[in-house]
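Remarks on the overall topology
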Amino acid sequence: MINKDLVLLPNITLGFHIYDNRQIEREISFISFSLLSTRGQTIPGYQCGRLDTLLSVIGGLNPKSSRQMAFIFSIFKVPQLGVGFEFSQGERRVYPSFFRINPKESPQYVGLVQLLLHFQWNWVGLLAPEDDRGECFVSTLTPMLKEKEICLTFTERLKSDFFATMWKVLHSSKIWSEAEVIILFGDSTSIINVVTTMTVYEEWTKTSFCKVWILTSHWKVSMGESQDIVKGLKFFHGSLHFRDHTRDFSEFTNFILSLDSFKPQGDAFLPQWWEKVFDCKFYKPGEIAPGRQKTCTGKEDLQYLPIYIFETSMTGESYNIYNAVYALAHALHAMYGSGGRPALMRLGKRTSNVQSWQLLYYLRNVQFNSSAGGEVSFSENGLESSHFDLFNWLFLLNKSLVPMKIGQIETRALLGHDFTINSDAIVWATKKIPFARCGMKRCHAGEKRRVPEGKPICCYQCDACPEGTISNRTGATDCEPCPEHQYPNKDKDKCTAKKIHFLAYQDTLGYTLTSLALFLCMTTFAVLVIFYKHHDTPIIKANNRDLTDILLASLLLCFLCSFLFIGRQGKLTCLFQQSAFAILFSLAVSSVLAKTVMVVLAFMATKPGNKTRKLLGKPLTNSIVITCPLIQAVLCATWLGTSPPFLNLDFHTLFREIILECKQGSAVMFYGVLSYLGLLALVSFTVAFLARKLPNSFNEAKFITFSMLIFCSVWISFLPTYLSTKGKSMVAVEIFSILASGAALLACIFFPKCYIILLRPELNSRGNITRNKTF
């Protein structure tokens, strides 16, 4: 494809040599040195008789062989593009010419953990070979699993020796049986040993070993495994396999299917490979096949070979090599266009002037789009991006193992989209998604985990969240309290906003108190109207019309001030509701006290030689009515000026509601105001009580005594009830106390008079009053 490209390296033809090192260390070293030497003698760096320019080396195809080759080629700074191996940044100077062509390992490990989390598996097994790569894999993956609280049922290190592996597998089979999901890390050799051992295990124990395997990208089904392990391939039915990313190349498939074993076109491996996969033999013309040996016709169809023997589509490994060759071509093209052109354009053999180390700079900066649309970029370490495909292997009835793509890992994707999987497309060996958990279930929202003593962290139990706390995700380690303005719902999996708690007009209690307050207001207003219309009658004249009007007006205002306590409170209502109530009630009680004092003085004035008659009149009553409320007003002003009431939100008293309340500010001032009001009521009660046995013409003291007795009883019972309630109940207690005490004054003092005015007008006469008749 490159040689036919008219844009990439025009008029330059690339060639290649291919070698089979058979994964033998001695062969790897020998071939590596021969590439650096003259033909016929292995003398690195001596290439006098060599006609070809060695621009780069592609290989090896596993980390072990790559490292061995990198030791050699890095000495001579020959670019090597091969399967990556682990080395620190400090070791980079040891391998200056090595470039990784396969994706970085770390994203695969992250994807593996995400796969376990996706299916909520936290109890899995781990198998890895007993070598440096296996040690690196275990040491890297184990902390990642612990971080996500995924436990390992077992961690087994497998020896490369078949019999040692078989003994270890058989010996540990009981432990293995505890895990429904097993992570298998290793190359084809170690996995063949595991497969063979599983076959032996089933034959000996007569039991099926059905597990879900998670395979890493290092494992591949290759022709080397061939028919010898066909029976063992059934163990990988339903397995999940991370493979190096590839793209769909129809040209590649067409090229593969067009291979002609009789026209290998210089490919010395093709006839040998053909004989092996089709189990036949090529014979020269006239040569007779011995015995039952099958003769290769060259017309055998590659398309019908099982995938575990040969894949006609481009695999991830082939795609990596494809990109590696193109990376070299683009690097050479970049060098050609930046000053190397004269050396490349000369005729003859002068292209040998191009040195391999000159490509290193350009390889570190290669970036291109493959013909399949994939973006490929290299950095100092090689392939920049990491992209893995996730396959589900299916073992079909015709004994073929077929991969089906079900997901991928793409590090360049947005966070949350870097790992994708189609769970519904997976065919499970266990017929259903494995449970693979130590506990009975994963704790749901509203529950928290509790690890019994002596158990791994994964073997937890689920307990309901304590009262007042929630967990809004599955697998929560602890429950969290809701913000103070919210409360846990019934399932304890989310917080719900608390309702504002206050005495609303729409509430039954609020509606009842509002109706009662309005009734008392209307009643008081009706008494005022009655007294106004009959203000010239003797019964009203005898009871000081001015004091009566002041008392009725103050009671009306007291009933109206109860509306300051109903409804949603504001800063202004909170500031003045207690002060307004205290001052108005002080005015009402002061009016009652003035009436009582006037009754006593009037009686004493009837006695001969008593000088109290001089005190009778408006000056005394006015001084009482003005002075007593004024003292209360001064107390309230001091309260408002020093530590006034304020609006407060109580988040904690009620579970599902926020109490909107008016705090008193200074408790001392609040109880001082109530105490002063109580003192006025007590003085009024005492004076009225002492005057209760006066003659009937002055018997209003009896009604005042009874009214003040009710008044004091209400407010004495108010204090403990008020202190023992919260929220709207506390407000309702205070409103009821205001209404009840006001109603007692209204009923005891004014209803008898209204009865006489409206129903017994004949008793409303001066003569009847002077004759000591009851009014």
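The model shown is predicted, which means the values in this text are computed figures rather than measured ones. (Residues numbered from 1 in each chain as written. Predicted model: local features only at pLDDT ≥ 70, side-chain atom pairs only at ≥ 80, totals over all residues. Heavy atoms only, no water.)

Some remarks on the overall build of the chain
- For the chain, the count of helices and strands is 20 helices and 23 strands.
- Taken over 775 residues, the chain has a buried fraction of 47%.
- Summarising the internal contacts of the chain: among those between residues at least 6 apart in sequence, 66% fall at separations of at least 24.
- Summed over its atoms, the accessible surface of the chain is roughly 39900 Å², and 59% of this surface lies on carbon and sulfur atoms. (Helix = DSSP H or I, 4+ residues; strand = E, 2+ residues; numbered from the N terminus. Buried < 20%, exposed > 50% of the residue type's maximum accessible area, 1.4 Å probe, protein only. Contact = heavy atoms within 4.5 Å. Areas by Shrake-Rupley, 256 points an atom, 1.4 Å probe, with all protein chains shown as cover.)

Considering the pairing of strand E5 (residues 151–158)
- Buried residues dominate E5, accounting for six of its eight residues.
- As judged from the seven bridges shared by strand E4 (residues 123–129) and E5, these two strands associate in the parallel manner. When the sheet's bridge partners are listed, Val124 is paired in E5 with Leu152.
- Between the parallel elements E4 and E5, the chain passes through helix H4 (residues 132–147) in a crossover that is right-handed. (Pairing = 2+ DSSP bridges. Right-handed = clockwise from strand over helix to strand, strands pointing away.)

Let's talk about the UniProt feature "transmembrane region" (unreviewed entry) in the chain
- Per the UniProt record, "transmembrane region" (unreviewed entry) is annotated on residues 509–530, 550–567, 579–603, 624–647, 667–691, 703–723 and 735–758.
- Secondary structure content for residues 509–530 is 100% helix and 0% strand, and the end C-alpha separation is 31 Å.
- Note that residues 735–758 is 100% helix and 0% strand, and that its end C-alpha atoms are spaced 31 Å apart. (UniProt positions renumbered as here; feature names shortened; annotations may be inferred.)

Remarks on the side chain of His501
- In this structure, His501 sits in strand E21 (residues 499–501).
- We classify His501 as buried; its relative accessible area is 8%.
- Separated by 3.1 Å, the side chains of His501 and Glu657 make a polar contact.
- Here the side chain of His501 touches Lys728 through a polar contact of 2.9 Å, landing on its backbone nitrogen.
- Those residues in contact with His501, other than ones at most four positions away along the chain, are Leu654, Glu657, Ile658, Ile659, Leu660, Gly727 and Lys728. (Polar contact = N/O pair within 3.5 Å; in protein donor to acceptor, adjacent residues only side chain to side chain.)

With respect to the side chain of Ser385
- As for its placement among the helices and strands, Ser385 is situated in the loop between strand E11 (382–383) and strand E12 (387–395).
- Residue classification places Ser385 among the buried residues on the basis of a relative accessible area of 13%.
- Apart from the residues lying within four places of it in its own chain, the contact partners of Ser385 are Pro103 and Arg412.

Some points on the pairing of strand E6 (residues 181–184)
- Burial along E6 is two-sided: the residues Val181 and Ile183 and Ile182 and Leu184 are all buried.
- Inspection of the sheet shows E4 paired to E6 by three bridges, in the parallel sense. Paired with Gly125 across the strands is Ile182, a residue of E6.
- Relative to strand E7 (residues 212–215), E6 is paired through four bridges, and the arrangement is parallel. Each bridged residue has a counterpart across the sheet, and for Val181 the counterpart in E7 is Val212.

A closer look at the packing of aromatic side chains
- Counted under the stated rule, the structure contains 36 aromatic pairs.
- Measuring from centroid to centroid gives 5.3 Å for Phe85 and Phe87, while their planes differ by 50°, and the two rings are tilted.
- We classify Phe85 as buried; its relative accessible area is 10%.
- Ring centres 5.3 Å apart and planes at 75° place the aromatic pair Tyr109 and Phe137 in the edge-to-face group. Of this pair, Tyr109 sits in helix H3 (residues 105–118) while Phe137 sits in helix H4; the two residues are 28 residues apart in sequence, bridging distant segments of the chain.
- Taking relative accessible area as the criterion, Phe137 reaches 0% and is therefore assigned buried.
- Three or more aromatic residues joined by ring pairs make a cluster, and in this case those are Phe581, Phe585, Trp639, Phe670, Tyr671, Phe711, Trp715, Phe718 and Tyr722.
- A cation over an aromatic ring shows up here: Lys234 above the ring of Phe235, its NZ or CZ 5.8 Å from the ring centre. (Phe/Tyr/Trp six-rings, centres within 6.5 Å; stacked < 30°, edge-to-face > 60°. Lys NZ or Arg CZ within 6 Å of the ring centre and 35° of its normal.)

Description of the environment of Ser160
- Here Ser160 lies in the loop between E5 and helix H5 (162–171).
- With a relative accessible area of 67%, Ser160 lands in the exposed category.
- With 33 residues separating them along the chain, Ser160 and Asn193 place their C-alpha atoms 8.0 Å apart.

Considerations on the pattern of salt bridges
- The final tally for this structure, using the stated rule, is eleven salt bridges.
- A salt bridge links Arg449 to Glu149, with the shortest nitrogen-to-oxygen separation between them at 2.1 Å. Taken together, the residues Arg449 in strand E15 (residues 447–450) and Glu149 in the loop between H4 and E5 connect sequence positions 300 residues apart.
- Classification of Arg449 by relative accessible area gives buried; the value is 14%.
- Here Glu149 falls in the partly exposed class, since its relative accessible area comes to 22%.
- Here Arg412 ties to Glu375 by a salt bridge, and the two come within 3.7 Å at their closest N and O atoms. With Arg412 in the loop between strand E13 (401–410) and strand E14 (419–421) and Glu375 in strand E10 (residues 375–379), the pair connects residues that are 37 residues apart, well separated along the chain.
- Residue classification places Arg412 among the partly exposed positions, given a relative accessible area of 42%.
- Residue Glu375 is classed as partly exposed on the basis of its relative accessible area of 41%. (Salt bridge = Lys/Arg side-chain N within 4 Å of Asp/Glu carboxyl O.)

Quick word on the sheet that holds E13
- The eight strands lie next to each other as E5-E4-E6-E7-E8-E12-E13-E14, forming an open sheet whose pairing is mixed. Looking at which strands have only one partner, the edges of the open sheet turn out to be E5 and E14. Taking each pair of neighbouring strands and ignoring which way they run, the sheet shows an average axis angle of 25°.
- Where H3 meets the sheet, its contacts fall on E4, E6, E7, strand E8 (240–244), E12, E13 and E14, and the angle it forms with E14 comes to roughly 45°. (Axes fitted to C-alpha atoms, helices over the stretch in contact; angles between N-to-C directions.)

Quick word on a nonpolar patch on the surface
- Residues Phe16, Ile18 and Phe269 make up a contiguous nonpolar surface patch of roughly 350 Å² in combined accessible area.
- Position of Phe269 relative to the elements: it lies in helix H9 (residues 269–278). (Patch = residues over 30% accessible without salt bridge, like charges linked within 9 Å, V, L, I, M, F, W, Y side chains within 5 Å.)

Here's the deal with the packing of H3 against H4
- As a packed pair, H3 and H4 sit with axes 10 Å apart at the nearest point and diverge in direction by 40°. Here H3 is positioned oblique relative to H4, judged by the angle of their axes. Crossing of H3 over H4 shows right-handed handedness. Contact with H3, carried on its side by Tyr109, Val110, Leu112, Val113 and Leu116, involves Phe137, Thr140, Leu141, Met144 and Leu145 of H4 and no other residues of that element.
- Partitioned by chemical class, the residues of the contact of H3 with H4 number nine nonpolar, one polar and no charged. (Parallel < 35°, antiparallel > 145°, perpendicular 65-115°, else oblique. Left-handed = near helix turned anticlockwise from the far one by under 90°. Nonpolar A, V, L, I, M, F, W, Y, C, P; charged D, E, K, R; others polar.)

Here's the deal with the state of the cysteines
- Counted according to the given criterion, the structure contains seven disulfides.
- Bridging Cys438 to Cys459, the disulfide has an S-S length of 1.7 Å. Between Cys438 and Cys459, the disulfide has an S-S torsion of 95° and is therefore right-handed. Here Cys438 is found in the loop between E14 and E15, whereas its partner Cys459 is found in the loop between E15 and strand E16 (461–464), with 21 residues between them in sequence.
- Under the relative-accessibility criterion, Cys459 is labelled buried at 11%.
- The residue that forms a disulfide with Cys465 is Cys479, at a sulfur-sulfur distance of 2.0 Å. (Disulfide = S-S within 2.5 Å.)

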